[in-house]
Amino acid sequence: MQAENGNKIKTRLFRVSEENFDAVLDEAAEIIRRGGTVAFPTETVYGLGANGLDPAAVRKIFEAKERPPGNPLSLLVHSGDDAGKVAKNIPEKAFRLMDAFWPGPLTIVLEKKEIVPEITSGNLPSIGLRMPDHRIPLELVKRAGTPLAAPSANLSGKPSPSLAAHVLADLTGRIDAVIDGGGTVIGLESTVVDMTVEPPVVLRPGAVSIAELERVIGRVRPSYDEAVAGTGETVPEKQAGQKFSHYTPDTQVVLVEGDRKRVSEKIGTLLENSRHEGKKVGLLLSNETAGFFASEGLSADEYFLLGSREEPEEAARRLFEGLRALDAKSLDVILADGSFSPSGLGAALLNRLREAASVRYAV
């Protein structure tokens, strides 16, 4: 991305602390008001923000990320009351979700008002809204005085950033500023639920599970790949944002999921075959699968441990960091452990692994 003078943008790095918080947020808000782009942490992943109601500012997000046109963005708001400024015909169930899960890792898709530009909504009649559970984006929205269009702060299709260093690796010279607020707490993007249909549809799993949603609003229908595979169901055309690839490292990722013992054995076989072919192999593993490998005397060129299968919170937090770390090692293949439980946050973790993988084995 080039600035108007033909040079790359000089990306500023703000390291925020209690002492400089107000000064940093005021300066970042001024960049947003001038039509610029600022990356910042949320509780999920780092986001890349711009004035979501300014088409020229939103266009800078697409250019910086090399994001395909027509891929809709969501808006970050400061409060539930702000939803009524950009959305209309808000169903009562949506207000119940806001009361239950905002601020938090839940994006609610609603009918948009005309004030929301077509470039922001991907030419759809709806827009996703989220109130993040993080002081920095909440203050940035408040001080900038506008909802922020804020996809993940990475090059389009690559693993999402959980650290400011990940943002800088992808977007230095492409955006105006990065606020370094440390690592993210959850590490996976928010749950997305479409409230423009009945029953509501989960477009993307995240930290708020379907079971939690159903306790608040009743029946919710999953529509992501895991739910429709083999059922004959199709994702509605209006869910255009689901057509684009996400979370994909440059290195090939091979995912093995299913029975835990068979997952370990299959990854071991794939490792031996790959090594026999002269390939440089990295392993993305749970602690338990790594223990199996140690007991069998198996070794790879590179390892990244996600944590215990019994603690999906840690594994989710470390997933994108692991994919990025292994992708930087000049490997031929990454063998990924899919032995995590497919429920709760584990379902979101497996969803991201499936998106990252070009080859999948079920055992």
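Residues numbered from 1 in each chain as written. Predicted model: local features only at pLDDT ≥ 70, side-chain atom pairs only at ≥ 80, totals over all residues. Heavy atoms only, no water.

A few points about the overall build of the protein chain
Thought 1: Summing up its helical and strand segments, the protein chain has 13 helices and 17 strands in all.
Thought 2: The C-alpha radius of gyration of the protein chain comes to 21 Å, within 12% of the 21 Å expected for a compact globule of 363 residues.
Thought 3: Counting only residues that meet the buried cut, the protein chain has 53% of its 363 residues in that class.
Thought 4: Contacts in the protein chain between residues far apart in sequence, at least 24 positions, make up 68% of those at least 6 positions apart.
Thought 5: Only carbon and sulfur atoms are counted for the fraction: they give 48% of the accessible area of the protein chain, which is about 15100 Å².
Thought 6: Between the averaged position of the 43 positive side-chain charges in the protein chain and that of its 51 negative side-chain charges there is a distance of 3 Å. (Helix = DSSP H or I, 4+ residues; strand = E, 2+ residues; numbered from the N terminus. Rg over C-alpha atoms; globule rule 2.2 N^0.38 Å. Buried < 20%, exposed > 50% of the residue type's maximum accessible area, 1.4 Å probe, protein only. Contact = heavy atoms within 4.5 Å. Areas by Shrake-Rupley, 256 points an atom, 1.4 Å probe, with all protein chains shown as cover. Lys, Arg positive; Asp, Glu negative; His and termini not counted. Charge placed at Lys NZ, Arg CZ, Asp CG, Glu CD.)

Examining the packing of helix 1 (residues 21–33) against helix 6 (residues 135–144)
In helix packing, the relevant descriptors are the interaxial angle and the interaxial distance, both defined with respect to the helix axes.
Thought 1: The interhelical angle for the contact between helix 1 and helix 6, taken along N-to-C directions, is 55°, at an axis separation of 9 Å. Comparing their axes, helix 6 and helix 1 come out oblique. Taken as a pair, helix 1 and helix 6 cross one another with a handedness that is right-handed. Contacts between helix 1 and helix 6 involve Phe21, Asp22, Leu25, Asp26, Ala28, Ala29, Ile32 and Arg33 on the former and, on the latter, Arg135, Ile136, Glu139, Leu140, Arg143 and Ala144. (Axes fitted to C-alpha atoms, helices over the stretch in contact; angles between N-to-C directions. Parallel < 35°, antiparallel > 145°, perpendicular 65-115°, else oblique. Left-handed = near helix turned anticlockwise from the far one by under 90°.)

Observations concerning the nonpolar core
Thought 1: Core analysis: the largest hydrophobic core is formed by 43 residues, its most contacted members being Leu97, Leu106, Ile108, Leu110, Leu129 and Leu213.
Thought 2: Breaking this core down by element, the ones donating at least two residues are strand 3 (47–51), helix 2 (55–65), helix 3 (83–86), helix 4 (92–101), strand 6 (106–112), strand 7 (126–130), helix 7 (164–171) and helix 8 (210–217).
Thought 3: The leading source of residues in this core is helix 2, at 5 residues.
Thought 4: Leu213 has contacts with Leu97, Phe101, Leu106, Thr191, Val193, Val202, Val208, Gly218 and Val220, leaving out every residue within four places of it along the chain.
Thought 5: With 25 residues, the next largest nonpolar core counts Leu188, Leu331, Leu345 and Leu350 among its residues. (Core = buried A, V, L, I, M, F, W, Y, C linked by side-chain atoms within 4.5 Å.)

Details of the pattern of salt bridges
Thought 1: Within the structure shown, the criterion is met by 22 salt bridges.
Thought 2: Residue Arg34 is joined to Glu30 by a salt bridge in which the shortest nitrogen-to-oxygen separation is 4.0 Å.
Thought 3: Close ionic contact of Asp82 with Lys85 constitutes a salt bridge, the shortest N to O distance being 3.3 Å.
Thought 4: Taking relative accessible area as the criterion, Lys85 reaches 56% and is therefore assigned exposed.
Thought 5: In the salt-bridge network here, residues are joined through shared partners; they are Asp22, Asp26, Glu139 and Arg143. (Salt bridge = Lys/Arg side-chain N within 4 Å of Asp/Glu carboxyl O.)

Regarding the pairing of strand 16 (residues 333–338)
Thought 1: Along strand 16, 6 of the 6 residues are buried, which leaves the element largely enclosed by surrounding structure.
Thought 2: The alternating pattern of strand 16 places Val333, Leu335 and Asp337 on one face and Ile334, Ala336 and Gly338 on the opposite face, and all of these are buried.
Thought 3: Sheet analysis places strand 14 (residues 281–286) next to strand 16, joined by 4 bridges and oriented parallel. Across the sheet, residue Val281 finds its bridge partner in strand 16, namely Val333. (Pairing = 2+ DSSP bridges.)

Overview of helix 12 (residues 312–327)
Thought 1: Helix length check: helix 12, at 16 residues, gives a terminal C-alpha distance of 22 Å against a target of 22 Å (1.5 Å per residue), a fit within 8%.
Thought 2: At Leu319, helix 12 is bent by approximately 40°, the largest bend along its length.
Thought 3: Of all the residues in helix 12, the buried ones are Pro312, Ala315, Ala316, Leu319, Phe320, Gly322, Leu323, Arg324 and Leu326.
Thought 4: Contacts made by the buried residues of helix 12 are with helix 7, strand 13 (252–257), strand 14, strand 15 (302–307), strand 16 and helix 13 (345–356). (Expected span 1.5 Å × (residues − 1). Bend = angle between axes of the 7 residues up to and from the residue.)

Considerations on the sheet that holds strand 13
Thought 1: Spatially, the 5 strands line up as an open sheet ordered 15-14-16-13-17, and their pairing is parallel. Looking at which strands have only one partner, the edges of the open sheet turn out to be strand 15 and strand 17 (359–362). Mean inter-strand twist for the sheet, computed between neighbouring axes without regard to direction, equals 15°.
Thought 2: One ladder, built from 4 bridges, connects strand 13 with strand 17; its direction is parallel. Across the sheet, residue Val256 finds its bridge partner in strand 17, namely Tyr361.
Thought 3: Along the sheet, helix 10 (residues 260–276) contacts strand 13, strand 14, strand 16 and strand 17; its crossing angle with strand 16, the most-contacted strand, is approximately 175°.

Looking at the side chain of Arg130
Thought 1: Within the secondary structure layout, Arg130 lies in strand 7.
Thought 2: Within the local environment of Arg130, its side chain forms a polar contact with the side chain of Thr42, the two groups lying 3.3 Å apart.
Thought 3: A distance of 2.7 Å separates polar atoms of two side chains, one belonging to Arg130 and the other to Glu43. (Polar contact = N/O pair within 3.5 Å; in protein donor to acceptor, adjacent residues only side chain to side chain.)

Overview of the packing of helix 10 against helix 11 (residues 287–296)
Thought 1: With their axes 10 Å apart at the nearest point, helix 10 and helix 11 run at an angle of 55° to one another. Accordingly, the angle class assigned to the pair helix 10 and helix 11 is oblique. As for how helix 10 packs across helix 11, the hand of that crossing is right-handed. Here Ser264, Glu265, Ile267, Gly268 and Leu271 of helix 10 come into contact with helix 11, specifically with Thr289, Phe292 and Phe293.
Thought 2: Taken together, the residues of the contact of helix 10 with helix 11 sort by class into 4 nonpolar, 3 polar and 1 charged. (Nonpolar A, V, L, I, M, F, W, Y, C, P; charged D, E, K, R; others polar.)

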